[in-house]
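Take a look at the letters that make up each chain.
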Amino acid sequence: MDDEAWMRKAIELAHKAEEVGEVPVGAVIVQDGECIGKGYNSPIKNRDPTAHAEIVAMRAASQKIQNYRLVDATLYVTLEPCVMCMGAIQHARIKRIVFAAKDPKRGAVCSALSLSDAEYSNHHVEWSEGVLGDECSTLLTSFFKKKR
């Protein structure tokens, strides 16, 4: 599968988050062409501020491969990761991030901060943006309009 196909899987998960009243963000982790972890935002449901889609997916992937290092893995996520998620991504040694929509206020890949290649880090993450970005931006905008 290509980047767009994997992002569609992440979008399916984002819709699951929306169905339960969470911010619609979904994530899929792929290694050697196989999905090894997936997740969607669930901090309200789980009463856990760290339960972002990326963290949930990394936890699942780590359990599946029995290793906290997710070397050579690609993370597909519908929204640019935040500072917390970028820290975890770097610690997990994820090779590549593909995200759909930028987060100008909290995005830590390239928007508010550029942590993917921070000088102090001993692991630099490759990244691509904009895969199905309009669709994911619309999903998020629509969600927040309904909330207001």
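Predicted model, so just to flag it, every value in this text is computed and none were measured.

Student: Account for the packing of aromatic side chains, with residues named and values stated.
Tutor: The geometry of two aromatic rings is summed up by the distance between their centres and the angle between their planes. One pass over the structure, following the stated rule, counts three aromatic pairs. Pairing W6 with Y76 gives two aromatic rings, centres 6.4 Å apart and planes at 25°, and the pair type is stacked. With a gap of 70 residues between them, W6 in helix α1 (residues 3-19) and Y76 in strand β3 (residues 74-79) connect regions that are remote in the sequence. Neither W6 nor Y76 differs from the other in exposure class; each is buried. On the basis of an interplanar angle of 25° and a centroid distance of 6.1 Å, the ring pair of F99 and W127 is categorised as stacked. With F99 in strand β4 (residues 96-101) and W127 in strand β5 (residues 126-129), the pair connects residues that are 28 residues apart, well separated along the chain. On the basis of relative accessibility, which here comes to 0%, the residue F99 falls in the buried class.

Student: Hey, could you go over the packing of α1 against helix α5 (residues 133-147) for me, with residue numbers and the actual values?
Tutor: At their nearest, the axes of α1 and α5 sit 11 Å apart, and the two run at 5° to each other. Considering the angle they form, α1 stands roughly parallel to α5. On α5, the residues touching R8, I11, A14, H15 and E18 of α1 are E135, C136, L139, F143 and K146. The residue makeup of the contact of α1 with α5, split by class, is five nonpolar, one polar and four charged.

Rules of the game
- Residues numbered from 1 in each chain as written.
- Predicted model: local features only at pLDDT ≥ 70, side-chain atom pairs only at ≥ 80, totals over all residues.
- Heavy atoms only, no water.
- Phe/Tyr/Trp six-rings, centres within 6.5 Å; stacked < 30°, edge-to-face > 60°.
- Helix = DSSP H or I, 4+ residues; strand = E, 2+ residues; numbered from the N terminus.
- Buried < 20%, exposed > 50% of the residue type's maximum accessible area, 1.4 Å probe, protein only.
- Axes fitted to C-alpha atoms, helices over the stretch in contact; angles between N-to-C directions.
- Parallel < 35°, antiparallel > 145°, perpendicular 65-115°, else oblique.
- Contact = heavy atoms within 4.5 Å.
- Nonpolar A, V, L, I, M, F, W, Y, C, P; charged D, E, K, R; others polar.

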